[in-house]
Amino acid sequence: VYDQRSGAATTVCRLTESIRTLGLAADGRHLVAGDNGGRFQVIDLEGGTQPVLSAQVAGPAYRARFDTDGSVLVTSADGLRRYRPGAMLPTAVYPCDDARWFDVLPDGRFAVLGLHGLLKLFDPGSPHCVGEREIDDPRPHRVVFGAGDRLFTGSGDGGGGRFSAC
């Protein structure tokens with residue numbers, strides 16, 4: 001972490017492999033970091049360098065971020081997982097093969113994108129997919145939520161698309 005005022009750097013977490021994802025809580029107090037080996041940690045930036053949560057997912061931790069309720073959402077080889085504050089095991093798993101990216105829609109649902117272009121929509125109260133669509137031209141790497149019910153995707157070759165939310 002770099003202090004903008006002083007320019008000083010402080011190491012706040014140590015993971016065993018290259019860090020793949022970082023997410024900052026809305027209050028700016030907590031940081032989640034995930035690595036290529038699937039390990040991720042949540043650090044209290046005001047409380048020191050000991051993780052307040054440390055867990056392992058299958059394969060790389062591709063994307064991690066905080067939800068509005070303070071829980072941590074992490075994508076991995078077997079889907080999207082939710083960890084409540086202090087929980088070492090996931091409190092919910094939303095299955096999606098080779099899940100790479102996700103976004104949270106304003107109504108609380110999750111749009112989860114798999115490596116091969118399968119976009120799935122989940123209601124946070126259920127592990128069952130409530131809608132899905134295959135996107136193959138171009139095969140997307142990222143998904144974000146836009147205005148209304150629109151989802152926007154982007155691919156590694158510069159292409160993009162706009163879709164309704166399943």
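Below, the structure is looked at part by part. Everything quoted here is computed from the prediction, not taken from an experiment.

1. Some details on the pattern of salt bridges
- Within this structure, the stated rule accounts for nine salt bridges.
- We note a salt bridge from Asp67 to Arg82, for which the minimum N-O separation is 3.0 Å. In this pair, Asp67 sits in the loop between β5 (63-66) and β6 (72-76) while Arg82 sits in strand β7 (residues 79-83), placing the two residues 15 residues apart along the sequence.
- Residue classification places Asp67 among the buried residues on the basis of a relative accessible area of 12%.
- Residues Asp69 and Arg82 are paired through a salt bridge, measuring 3.4 Å at the closest nitrogen-oxygen approach. Taken together, the residues Asp69 in the loop between β5 and β6 and Arg82 in strand β7 connect sequence positions 13 residues apart.
- In this structure, a network of salt bridges that share partners links the residues Asp67, Asp69, Arg82 and Arg84.

2. Details of the sheet that holds strand β11 (residues 118-122)
- In space, the four strands of this open sheet follow the order β9-β10-β11-β12, with antiparallel pairing throughout. The open sheet has two edge strands with one neighbour each: β9 (99-104) and β12 (129-134). Between one strand axis and the next, the sheet turns by 20° as a mean value, whatever way the strands run.
- Two strands pair when backbone bridges link them, and β9 and strand β10 (residues 110-114) are joined in this way by five bridges, in the antiparallel orientation. Bridge assignment links Ala99 to a residue of β10, and that residue is Gly114.

3. So, the sheet that holds strand β3 (residues 39-44)
- Reading across the sheet, the four strands line up as β1-β2-β3-β4 and stay open at both edges, with antiparallel pairing between neighbours. A strand with exactly one partner marks an edge of an open sheet, and here the two such strands are β1 (19-24) and β4 (51-56). Averaged over neighbouring strand pairs, the angle between their axes works out to 15° when direction is ignored.

4. Here we look at the side chain of Asp67
- At a separation of 3.0 Å, a polar atom in the side chain of Asp67 contacts the side chain of Arg82.
- In contact with Asp67, other than residues within four places in its own chain, are Leu73, Arg82, Val104 and Phe110.

5. Focus: the packing of aromatic side chains
- A full pass over the atoms with the stated rule returns three aromatic pairs.
- An angle of 70° between the planes, with centres 4.9 Å apart, marks the rings of Phe40 and Tyr83 as edge-to-face. On the criterion of sequence distance, the pair formed by Phe40 in strand β3 and Tyr83 in strand β7 is long-range, its members being 43 residues apart.
- By relative accessible area, Tyr83 is classed as buried at 1%.
- A network of ring pairs unites the aromatic residues Tyr94, Phe110 and Phe122 as a single cluster.
- The ring of Trp101 is capped by Arg63, whose NZ or CZ atom sits 4.3 Å from the centre of that ring.
- The residue whose ring lies beneath Arg63 is Phe102, and the NZ or CZ to ring-centre distance is 5.0 Å.

The rules we used
Residues numbered from 1 in each chain as written. Predicted model: local features only at pLDDT ≥ 70, side-chain atom pairs only at ≥ 80, totals over all residues. Heavy atoms only, no water. Salt bridge = Lys/Arg side-chain N within 4 Å of Asp/Glu carboxyl O. Helix = DSSP H or I, 4+ residues; strand = E, 2+ residues; numbered from the N terminus. Buried < 20%, exposed > 50% of the residue type's maximum accessible area, 1.4 Å probe, protein only. Pairing = 2+ DSSP bridges. Axes fitted to C-alpha atoms, helices over the stretch in contact; angles between N-to-C directions. Polar contact = N/O pair within 3.5 Å; in protein donor to acceptor, adjacent residues only side chain to side chain. Contact = heavy atoms within 4.5 Å. Phe/Tyr/Trp six-rings, centres within 6.5 Å; stacked < 30°, edge-to-face > 60°. Lys NZ or Arg CZ within 6 Å of the ring centre and 35° of its normal.

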